[in-house]
Structure formats: structure tokens, C-alpha cells
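Listed below, chain by chain, are the residues.
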Amino acid sequence: MHQTLFFLTQSYPYGKGETFIENEIDFLCQKFKHVIIIPVADLTEQEKQLKRNLPPNATVHLVKSISNIQLLLSLPFHIGTIAKAFFYDLFPARISFLKKLMLVRSHLKSLLWAVHFNTSLDKLFDQTNDASYYSYWMNDGSLILSVRKISKKALEFVVRVHGYDLYHDRSSSGLVLFQQLNCRMAKNILPISLNGKKYLSDFQPAFASKIHTSYLGVPDRGINPSSTDPATDLVIVSCSFMHALKRIHLIVETLMLLDNKVTWIHLGGGPEMPHIQALCEKLPANITYQLPGDLSNTDIIDFYLQNHVDLFIHMSETEGIPVAIMEATSFGIPVLATDVGGVGELVTEQTGILVSADITPAAVAQEIKRFMSSHMHTADFSISVRNYWNNNFNAEKNYNDFIDTYLQ
């Protein structure tokens, strides 16, 4: 058993993002004597003020950022490593030569930054012989470890792959930078869904043998309370960052077409909040809505424990495999969601209703009406939902299996 884990995140435990790591960190700290978390983003001072609580054997190591001029000045000292990285990633990429030329600058900047990061971590890494290395994303964190492996071949690391760090069509350039390099250098690549595994294996067939699905999970925190009054409004909840890709506006447009009494609550804030608030002002009198804004994961869990929910709805345009849906199903809440990414692995006949990604508000409204009079709107179906979560997305099983199989 390794004593130390170097865990590369984007910003966690700082800021408000990567809340799902909160479900995993306790298991990592139970299995390792010391977990050193290394956020790789260039954090603002405001983000650094928002630090979440950690287990006592977890510490954070921050690397100081440097200017672009300083990065360029380091180029001659690392030309060999950078040339190899280009040879392994950009040169064989399945894009046009012109596109490759356009991406040279972004590749070079990312590589110089990764080299700087490695230099800053030399002392920390080299003084620890018995360690495991784990990047939560297959982008900046895994690039740091890939660059390190180019010069220190004994290094082995594993990397999770989610959504924006996996699917090329989500990148503005049409190419996820350094995907091929990271696949070559990592010991194991772990997409969080079967959909992600198939996509990456098809796109990087040379590395398919080390690509394995590793589901995330959420803990057992209890059961959503049943309704005490069958005459109450239908309660629909959604939970996500308010980004355009989440298509929260489709939920509001659907509510406009319902004639029964509904209470809709969206848990989460974000840049789309003003737009959604403006849409909600047009809702008919039979619809009540609540937009509480940014909430901590603890607040969200407390909400599910204290408030009955009939249906969880998720209309996202693109996904990896949403932890928000996992959490809803862990409480036994039925789900209506779009069939994107790995959502179909969460939303089945045992948990709810899976609809087409291009569904219209009118069709969603019909699905909700059918749900209200179906077997899914029963206590027995809530038990089915919770059982499916327990068999597939229980944090205790999934994270212990992940650590024992890939990190130890």
C-alpha cells in the first residue's frame, strides 16, 4: 500500500467548483496516510478565500504562477521535452495541417506552463518515493504528469475523464488538447461512463486496452420524505450550474404548458440566472417557482432530506454522467432527463424517463402529465430508483473499488 497520494485537481478545494470531489476525498484519505492535493488552475485571491474543509491527513500544495514572458524564457532549457510532446500529440492528430499550425501556439503555451509546474514540484515529488499519482481530469493535471513522464519514465499515473476533457466537439478548436499524449503516458485512463469509454476507445484505439469505465458515486444520505398530502402541488426539482448548456429555459417553457399546480425549484446559480428569472415572470398562476441561487452540497442534501420531491428534471444539451442525477436517485427520486453522454446509464426503466436530446417543451409537458398518473409516481417506484442507485452508483463501493484497483 502506497503511503502518499498526489491528487491533481482543477481548483478543489478552493472556489465553488468540483463539488463532486467532496464525495471522493474521504475515501482517498482513508486509504492513504497522506493525500497532497495540487490545484492546477491559476486561482484568484477571491477563490483562495473559499476553501472547503478537508480530512486531517489531506494538505494542499499551491504552485505560484509566472508571466508569459517568463514561460517563453524557459523554452530553450526544455526544448527536448516539448519536442517529444509535440511529436506524440499534435503531429499525429487527425486534423488538417493548417489546423495543426493554428494550434501550435496554444499547445506551446500549455506545454511551457506544464514544464514550469513540474519544475516547481520537483522537490515535493522527488522527496517522496512511495507515492501514487492521480489526475481528476484529462487536461491540465494529466498534462503535467505526462510531461513529467517524458523525462522520468518510471512515473505511473491514472487519470479520470469526464466530458469537456473528453469529447472533441465541446472544444472551441474541435480538438481536446493533448488527449493522445495523455493516453500514451497514463497507466490507466478512466472515463466515468460507458459512453465515454466507447467514445475514447473509438477515437484512440491504440490505447483501448488501458481505458476502463470507473463510475463516480454518491453516499447513502437517506431517503426523500414521502408526501403527507396527496392534494399538494406536484414538486419538480432541477439542480445544476446555470449555464446555457444546461438548457434550464426548456424547463420553464415546459412549465408554461402545464395546467395543473406545480412547484418548481432550481438548486444552483450561474450566469443564466437573470435570463431564467425573466422567463419565470411569465409563468401562469398555477406554477410556483423558487430560485435560491448558489448552494453548497450540504445545503442541497439537506433540501432532499427535508422536502418531498415528486420528480427530478434535467434537460442538459451535453453531459458526462451527472452527479446531480446520482444524488436525486440516491434519495429515491424519479428522474426525467435528456439522453446525452452517459445519462442513459443513470436513467433507465428502473429510475425514470429518458427523452431525446432535441425534445420540445410540449413533448416534455406530455411526459410529465403521463408521469403523474403512472406507476413511477408511487412509493414502490421510489424504492426501485434507490435500489438502482445502490447497485450502480453507491460511493462506498465505487470509490473503494477504484482505489483498490487503480491507485494501490
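Up top is the structure.
Residues numbered from 1 in each chain as written. Predicted model: local features only at pLDDT ≥ 70, side-chain atom pairs only at ≥ 80, totals over all residues. Heavy atoms only, no water.

Concerning the pattern of salt bridges
Next, step 1: Considering all chains together, one arrives at 14 salt bridges under this definition.
Next, step 2: Measuring nitrogen to oxygen at the nearest pair gives 2.9 Å for the salt bridge that ties Lys31 to Asp404. Highlighted residues: Lys31 in helix α1 (residues 25-31) and Asp404 in helix α15 (residues 395-407), separated in sequence by 373 residues.
Next, step 3: Residue classification places Asp404 among the partly exposed positions, given a relative accessible area of 41%. (Salt bridge = Lys/Arg side-chain N within 4 Å of Asp/Glu carboxyl O. Helix = DSSP H or I, 4+ residues; strand = E, 2+ residues; numbered from the N terminus. Buried < 20%, exposed > 50% of the residue type's maximum accessible area, 1.4 Å probe, protein only.)

Some words on helix α8 (residues 194-203)
Turn by turn, an α-helix covers 3.6 residues, leaving residues three or four places apart pointing in a common direction.
Next, step 1: For α8, the full list of buried residues reads Gly196, Leu200 and Ser201. Buried residues in α8, looked at end-on, bunch into an arc of 125 degrees, giving them a common side.
Next, step 2: In this fold, the buried residues of α8 make contact with β5 (158-161), α7 (179-185) and β6 (188-191). (Arc of directions from axis to C-beta. Contact = heavy atoms within 4.5 Å.)

Details of the environment of Asn57
Next, step 1: Looking at the element boundaries, Asn57 is found in the loop between α2 (45-49) and β3 (58-60).
Next, step 2: Separated by 29 residues in sequence, Asn57 and Leu28 have C-alpha atoms that sit 10.0 Å apart.

Observations concerning the sheet that holds strand β2 (residues 34-39)
Next, step 1: Strand order in this open sheet of 6 strands is β3-β2-β1-β4-β5-β6, and the pairing throughout is parallel. In this open sheet, the two strands that pair with only one neighbour each are β3 and β6. Pairs of neighbouring strands in the sheet enclose a mean axial angle of 20 degrees, with direction left out of account.
Next, step 2: Inspection of the sheet shows strand β1 (residues 4-9) paired to β2 by 6 bridges, in the parallel sense. Residue pairing across strands places Thr4 opposite His34, the latter belonging to β2.
Next, step 3: In the packing of helix α6 (residues 140-151) onto the sheet, the strands contacted are β1, β4 (131-135) and β5, and the crossing angle to β4 comes to about 135 degrees.
Next, step 4: Across the sheet, α15 lies against β1, β4, β5 and β6, angled at about 140 degrees from β5, the strand it touches most. (Pairing = 2+ DSSP bridges. Axes fitted to C-alpha atoms, helices over the stretch in contact; angles between N-to-C directions.)

Regarding the packing of helix α12 (residues 323-330) against helix α14 (residues 379-392)
Next, step 1: Two elements in contact, α12 and α14, have axes separated by 8 Å at closest approach and are oriented at 125 degrees. With respect to each other, α12 and α14 are oriented oblique. Residues Met326, Thr329 and Ser330 of α12 touch α14, and the partners they reach there are Val385, Arg386 and Trp389. (Parallel < 35°, antiparallel > 145°, perpendicular 65-115°, else oblique.)

As for the environment of Ala58
Next, step 1: Locating Ala58 in the fold gives a position in strand β3.
Next, step 2: For the pair Ala58 and Leu354, spaced 296 residues apart in the sequence, the C-alpha separation amounts to 39 Å.
Next, step 3: Apart from residues lying up to four places away in sequence, Ala58 is in contact with Cys29, Val35 and Ile37.

Some details on the sheet that holds strand β11 (residues 335-338)
Next, step 1: With respect to topology, 6 strands assemble into an open sheet ordered β9-β8-β7-β10-β11-β12, the strand pairing being parallel. Each edge of the sheet is formed by a strand with only one pairing partner; in this case those strands are β9 (287-293) and β12 (352-355). With direction set aside, neighbouring strand axes in the sheet form an average angle of 20 degrees.
Next, step 2: Taken together, the 2 bridges between strand β7 (residues 234-239) and strand β10 (residues 311-314) define a ladder with parallel strand orientation. Looking at β10, one finds that Val237 is bridged to Phe312.
Next, step 3: Across the face of the sheet, helix α10 (residues 273-280) comes into contact with β8 (262-267) and β9 while running at roughly 165 degrees to β9.

What to know about unusual backbone geometry
Next, step 1: Look at the link from Tyr12 to Pro13: it is a cis peptide, with omega at 10 degrees.
Next, step 2: Structurally, Pro13 can be placed in the loop between β1 and α1.
Next, step 3: At Glu18, a position not held by glycine, the phi torsion is positive, near 55 degrees.
Next, step 4: Note on placement: Glu18 falls in the loop between β1 and α1.

Things to note about the packing of aromatic side chains
Think of a pair of aromatic rings as described by two things: how far the centres are apart, and how the planes are tilted against each other in angle.
Next, step 1: In total, this model carries 19 aromatic pairs according to the counting rule given.
Next, step 2: With centroids separated by 6.3 Å and ring planes inclined at 55 degrees, the aromatic side chains of Tyr134 and Tyr136 adopt a geometry described as tilted.
Next, step 3: Tyr134 gets classed as buried once you look at its relative accessible area, which sits at 0%.
Next, step 4: By relative accessible area, which is 0% here, Tyr136 ends up buried.
Next, step 5: Judged by centre distance (6.3 Å) and plane angle (40 degrees), the ring pair of Phe402 and Tyr406 falls under tilted. With Phe402 and Tyr406 both in helix α15, this residue pair falls 4 residues apart, about one helical turn. A single burial state applies to Phe402 and to Tyr406, both of which are buried.
Next, step 6: The rings of Phe7, Phe20, Tyr134, Tyr136, Trp137, Tyr164, Phe402 and Tyr406 are connected pair by pair, giving a single aromatic cluster. (Phe/Tyr/Trp six-rings, centres within 6.5 Å; stacked < 30°, edge-to-face > 60°.)

Section: the state of the cysteines
Next, step 1: Within the structure shown, the criterion is met by 0 disulfides.
Next, step 2: Just so you know, Cys280 is unpaired, no disulfide at all, and the nearest cysteine sulfur is the one on Cys239, 16 Å from it. (Disulfide = S-S within 2.5 Å.)

A short note on the pairing of β1
Next, step 1: Extensive coverage of β1 is indicated by the burial of 6 of its 6 residues.
Next, step 2: Residues Thr4, Phe6 and Leu8 point to one face of β1 and Leu5, Phe7 and Thr9 to the other, with burial holding for every one of them.
Next, step 3: Taking the sense of rotation as the criterion, the β-α-β connection linking β1, α1 and β2 turns out right-handed. (Right-handed = clockwise from strand over helix to strand, strands pointing away.)

Overview of the packing of helix α9 (residues 248-255) against helix α13 (residues 361-372)
Next, step 1: Running from N to C, α9 and α13 cross one another at 65 degrees; their axes reach a closest spacing of 8 Å. What the angle tells us is that α9 and α13 run roughly perpendicular. In terms of crossing hand, the pair formed by α9 and α13 is right-handed. From α9, Leu250, Glu253 and Thr254 reach across to α13, where they touch Pro361, Val364, Ala365 and Ile368.
Next, step 2: In the contact of α9 with α13, the residues fall into 5 nonpolar, 1 polar and 1 charged. (Left-handed = near helix turned anticlockwise from the far one by under 90°. Nonpolar A, V, L, I, M, F, W, Y, C, P; charged D, E, K, R; others polar.)

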